[in-house]
Amino acid sequence: MSHSESHVLNDLHTQSHSDNSHGSVKDYLIGFVLSIVLTAIPFWAVMSGTLSKPTTFACIVVMAIVQIWVHLKYFLHLNFKTEDGKASSLSFIFSALIIIMVVGLSVWIIYESNAMMMY
């Protein structure tokens, strides 16, 4: 076997190990099923009308937060177990914080500008 052939085989071997870090079909199926369940529960709560409005609202908010966690874990593969996972997770958290601040402060500025124009 030549040097170039062994180099290609090493690259393929390295590539197969890195592909395993992206999750398996089982992980994607678990995430998909959880996403469907976490969507169906609030849908049922709204459509049936059996719960009070505050309880229905709380159900929607809680299921939305849990669904965000499911998507981050099963589809984006964010975790704190490996160094790469820690870096990805911290980058995501930082980006989300900046986006929340930009949107929240923009809404606040627009609201305050509107309130000042009304007086």
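Predicted model, so just to flag it, every value in this text is computed and none were measured.

J.: Describe in detail the overall build of the chain, supporting the description with residues and values.
T.: Secondary structure summary: the chain contains 4 helices and 0 strands in total. Sequence-ordered secondary structure for the chain, helices as α and strands as β, is α-α-α-α. With 119 residues in all, the chain has 13% of them scored as buried. Expressed as a percentage of contacts within the chain between residues at least 6 apart in sequence, the contacts between residues at least 24 apart total 46%. Here the chain displays about 9700 Å² of accessible surface, and carbon together with sulfur accounts for 73% of that area.

J.: Describe unusual backbone geometry, with residues and values.
T.: In this model, His77 sits at a positive phi of 55 degrees, which is unusual for a non-glycine residue. Structurally, His77 is set in the loop between helix H3 (53-75) and helix H4 (83-117).

J.: Before we move on, can you summarise the nonpolar core with the specific residues and values?
T.: The nonpolar side chains of soluble globular proteins are, as a tendency, buried together. Judged by nonpolar contacts, Leu38, Ala45, Cys59, Met63, Val70 and Tyr74 together constitute the single largest core of 6 residues. No other element matches the 4 residues that H3 contributes to this core. The residues contacting Tyr74, other than those within four sequence positions of it, are Asp27, Tyr28, Ile30, Gly31 and Leu34.

J.: How would you sum up the packing of helix H2 (residues 25-48) against H3? Please name residues and give values.
T.: Relative orientation of the contacting elements H2 and H3 amounts to 170 degrees, with a least axis distance of 9 Å. On the basis of their axis angle, the class for H2 and H3 is roughly antiparallel.

J.: Talk me through the pattern of salt bridges; I want residue IDs and the actual numbers.
T.: If you walk through the whole model with that rule in mind, you get 1 salt bridge. Two residues, Glu83 and Lys86, come together in a salt bridge whose shortest N-O distance is 3.9 Å. Note that Glu83 and Lys86 are positioned in helix H4 at a spacing of 3 residues, about one turn of the helix. When its relative accessible area of 33% is taken as the criterion, Lys86 is described as partly exposed.

J.: Which residues make up the packing of aromatic side chains, and what are the values?
T.: Enumeration over the complete set of coordinates arrives at 1 aromatic pair. Between Tyr28 and Phe75 the ring centres are 6.1 Å apart and the planes differ by 25 degrees, which places this aromatic pair in the stacked class. Taken together, the residues Tyr28 in helix H2 and Phe75 in helix H3 connect sequence positions 47 residues apart. Positioned above the aromatic ring of Tyr74, the side-chain terminus of Lys73 is 5.3 Å from the ring centre.

Rules of the game
- Residues numbered from 1 in each chain as written.
- Predicted model: local features only at pLDDT ≥ 70, side-chain atom pairs only at ≥ 80, totals over all residues.
- Heavy atoms only, no water.
- Helix = DSSP H or I, 4+ residues; strand = E, 2+ residues; numbered from the N terminus.
- Buried < 20%, exposed > 50% of the residue type's maximum accessible area, 1.4 Å probe, protein only.
- Contact = heavy atoms within 4.5 Å.
- Areas by Shrake-Rupley, 256 points an atom, 1.4 Å probe, with all protein chains shown as cover.
- Core = buried A, V, L, I, M, F, W, Y, C linked by side-chain atoms within 4.5 Å.
- Axes fitted to C-alpha atoms, helices over the stretch in contact; angles between N-to-C directions.
- Parallel < 35°, antiparallel > 145°, perpendicular 65-115°, else oblique.
- Salt bridge = Lys/Arg side-chain N within 4 Å of Asp/Glu carboxyl O.
- Phe/Tyr/Trp six-rings, centres within 6.5 Å; stacked < 30°, edge-to-face > 60°.
- Lys NZ or Arg CZ within 6 Å of the ring centre and 35° of its normal.

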